[in-house]
Amino acid sequence: MAYFQEAFIMAIKNLLSFDPELYGIVFLSLKISTIAVILSALVGIPVGAVIALKEFKGKNVLINMINTLMGIPPVVVGLVVYILLSNQFGIFGDLRLLFTQTAMVMAQTMLATPIIMGLTIVALHGLDPLLRKTAISLGASRYQLVWILIREARYSIGSSIIVAFGRLLAEVGAVMMVGGNIRYQTRVMTTAIALQKGMGEFQEALALGIILLILSLFITTGIDMIRRGKVWL
Amino acid sequence: MENIFKINNLSKAFKGKKVLCIDELNIPRGLITAIIGPSGAGKSTLLSILNGLVPPDEGKIFFEDQNIIGSMRHGDHNRRSMAMVFQHAVMFHGTVFDNIAYGLKIRKTPEDQIKKRVDEILALIGLNEIALQRAETISGGEAQRIALARAMVFQPKVLLLDEPTANLDPANVSQIEKLIVHAKREYGTTVVLVTHNMFQAKRLADYTVFMMNGSIIECGNHERIFENPNDTKTRLFISGEMIY
Ligand SMILES: Nc1ncnc2c1ncn2[C@@H]1O[C@H](COP(=O)(O)OP(=O)(O)OP(=O)(O)O)[C@@H](O)[C@H]1O
Ligand SMILES: [Mg+2]
């Protein structure tokens with residue numbers, strides 16, 4: 001137990017030392033995952049809503065596919081983006097995006113979009129069907145209908161964003177594969193932890209892990225406060 | 001008498017069970033038409049079909065001389081000419097005011113107009129004090145009044161009301177009836193009112209339709225149906241002797 005205690009103290013000490021490298025890593029983690037989760041929400045919520053509300057052939061097949069993608073291992077997504085961006089086989093190889101922050105955002109967006117989309121579909125299916133009929137009967141257009149139902153499902157959709165953000169902050173496979181863990185450039189908290197562990201600095205790695213947890217706690221609490229404080233619409 | 005709805009050869013079955021079969025039915029413009037009949041007669045289904053929420057299997061419905069079956073789209077002109085109030089009222093997230101204002105908002109009514117009209121109707125239903133209360137905290141009786149106000153506020157040509165006073169106390173009932181009469185007199189609204197309450201039909205209706213097992217047994221203006229029904233089934237139902 002003492003080992004964990006020491007790690008915890010080290011985490012606090014590291015935080016209070018205001019080491020620019022550490023803060024740079026923390027900031028980059030937040031930046032990559034925040035951009036990715038925003039992009040995913042912008043795509044996942046409206047597309048998920050349309051899938052949930054529309055009746056079409058193959059709807060169930062599509063929903064099953066999205067549900068499958070919700071659980072896809074980050075390394076697989078990382079690999080796909082790697083191949084797409086690589087010089088050797090990739091169609092986007094000329095863009096020279098491999099091992100950049102853009103590549104990391106791309107991979108994480110691919111990871112989070114199905115999560116937000118799938119949970120948005122679940123949230124809208126869970127609404128009282130009378131809400132939809134009432135809005136239609138009062139004269140809502142297609143677009144207005146989608147909007148009011150998203151609003152009605154805002155708590156569940158908000159939760160899906162928290163879940164997706166947590167998954168992005170915690171994942172290591174995708175950012176490692178397409179970011180490459182380059183110091184000062186693409187190194188984020190999880191890849192730094194993996195590196196420290198690889199160098200045998202277990203306690204250092206554990207301290208970073210604790211910082212990651214503290215950060216998650218702050219963010220989750222913050223989003224929850226926004227939700228309950230009616231700031232969200 | 002001009003008819004706003006003309007219904008021809010309408011039929012609807014759910015999973016092979018026929019629930020609606022209407023050869024002909026006309027709804028007069030600017031009046032209150034009561035649809036009465038025992039539970040399961042198909043009254044709610046008919047209302048939903050008129051509102052375009054449920055597609056019929058066969059038949060035509062002319063709304064102002066245009067066949068609306070299969071041609072209504074969300075938010076189009078015909079859809080925005082009518083509004084339905086359902087047997088159970090559901091509230092949207094927001095305040096009572098927001099709920100009533102919804103139909104005006106989506107019609108892009110200017111803010112000052114919205115305020116004026118909503119305040120007017122709130123006064124009419126006696127709910128001024130709770131205008132800013134959150135809609136999820138209101139009582140059942142208030143919800144039913146708000147649901148009616150929400151449908152009336154943009155003054156649709158047609159109001160389709162599915163038992164708007166079910167489960168309400170007499171004070172609430174009379175307030176809702178006042179509102180229905182107000183819509184007809186002040187806005188010239190055509191009202192189609194489904195009700196279990198025979199006295200209510202007597203009080204409000206100009207024209208009465210009696211339905212059973214998905215068919216129209218008898219329809220006609222209100223005095224004739226109530227004073228002098230042709231069909232024995234109608235007489236039994238109106239006198240309360242029908243067991244169903
Ligand atoms: N979506 C549905 N699926 C299957 N059956 C349905 C559906 N909607 C209605 N029905 C059936 O159609 C028949 C007519 O229902 P409807 O709700 O129109 O009756 P109603 O006259 O409004 O009755 P009540 O006075 O009890 O409200 C009923 O037997 C009902 O079970
Ligand atoms: Mg009914």
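It should be noted that the structure appears before, not after, this text.
Scope of this entry: the structure provided in the associated data block. For clarity, every value in this text was computed on a predicted model and none was experimentally measured. (Residues numbered from 1 in each chain as written. Chains lettered and ligands numbered in written order. Predicted model: local features only at pLDDT ≥ 70, side-chain atom pairs only at ≥ 80, totals over all residues. Heavy atoms only, no water.)

What follows deals with the overall build of chain B. Secondary structure assignment for chain B yields eight helices and ten strands. Over its C-alpha trace chain B gives a radius of gyration of 18 Å, about what one expects of a compact globule, namely 18 Å for 244 residues. For chain B, the C-alpha atoms occupy an extent of roughly 50 × 40 × 35 Å along the three principal directions. Put simply, chain B has 244 residues, and 54% of those count as buried. Long-range pairs, those at least 24 residues apart, make up 66% of the contacts in chain B with a sequence separation of at least 6. In the form shown here, chain B has an accessible surface area of approximately 10800 Å², with 49% of it arising from carbon and sulfur atoms. Across chain B, the mean location of the 29 positive side-chain charges is 4 Å away from that of the 27 negative side-chain charges. (Helix = DSSP H or I, 4+ residues; strand = E, 2+ residues; numbered from the N terminus. Rg over C-alpha atoms; globule rule 2.2 N^0.38 Å. Buried < 20%, exposed > 50% of the residue type's maximum accessible area, 1.4 Å probe, protein only. Contact = heavy atoms within 4.5 Å. Areas by Shrake-Rupley, 256 points an atom, 1.4 Å probe, with all protein chains shown as cover. Lys, Arg positive; Asp, Glu negative; His and termini not counted. Charge placed at Lys NZ, Arg CZ, Asp CG, Glu CD.)

Residue and element names in this part refer to chain B. In the vicinity of ligand 1, 14 residues are found, and the nearest of them are Lys17, Ser39, Lys43, Ser44 and Thr45. Between an oxygen atom of ligand 1 and a side-chain N or O atom of Ser39, the distance comes to 2.5 Å. In isolation ligand 1 offers 640 Å² of accessible surface; the protein chains occlude 65% of this area. At the level of elements, β2 (17-28) and α1 (43-50) are the ones that each hand at least two residues to the shell around ligand 1. Examining the composition of the shell around ligand 1, we find that three residues originate from one element, α1, more than from any other. By residue class, the composition of the shell around ligand 1 is four nonpolar, seven polar and three charged. (Near = heavy atom within 4 Å. Polar contact = N/O pair within 3.5 Å; in protein donor to acceptor, adjacent residues only side chain to side chain. Nonpolar A, V, L, I, M, F, W, Y, C, P; charged D, E, K, R; others polar.)

All names here are of chain A. One way to put it is that helix α5 (residues 101-125) packs onto helix α8 (residues 154-170) with a least axis distance of 9 Å and a crossing angle of 155°. Taken together, the axis directions place α5 and α8 in an arrangement best described as roughly antiparallel. The handedness of the crossing between α5 and α8 comes out as right-handed. Contacts between α5 and α8 pair Gln108, Leu111, Ala112, Ile115, Ile116, Leu119, Thr120 and Ala123 from the former with Ser156, Ile157, Ser160, Ile161, Val163, Ala164, Arg167 and Leu168 from the latter. (Axes fitted to C-alpha atoms, helices over the stretch in contact; angles between N-to-C directions. Parallel < 35°, antiparallel > 145°, perpendicular 65-115°, else oblique. Left-handed = near helix turned anticlockwise from the far one by under 90°.)

Moving on: the side chain of Asn99 of chain B. With respect to the secondary-structure elements, Asn99 of chain B resides in helix α2 (residues 96-106). Setting aside chain neighbours within four positions, we find Asn99 of chain B in contact with Met91, Phe92, Gly94, Ala135, Ile146 and Arg150 of chain B.

Such coordinate-based values are descriptive only and should not be taken to indicate function.
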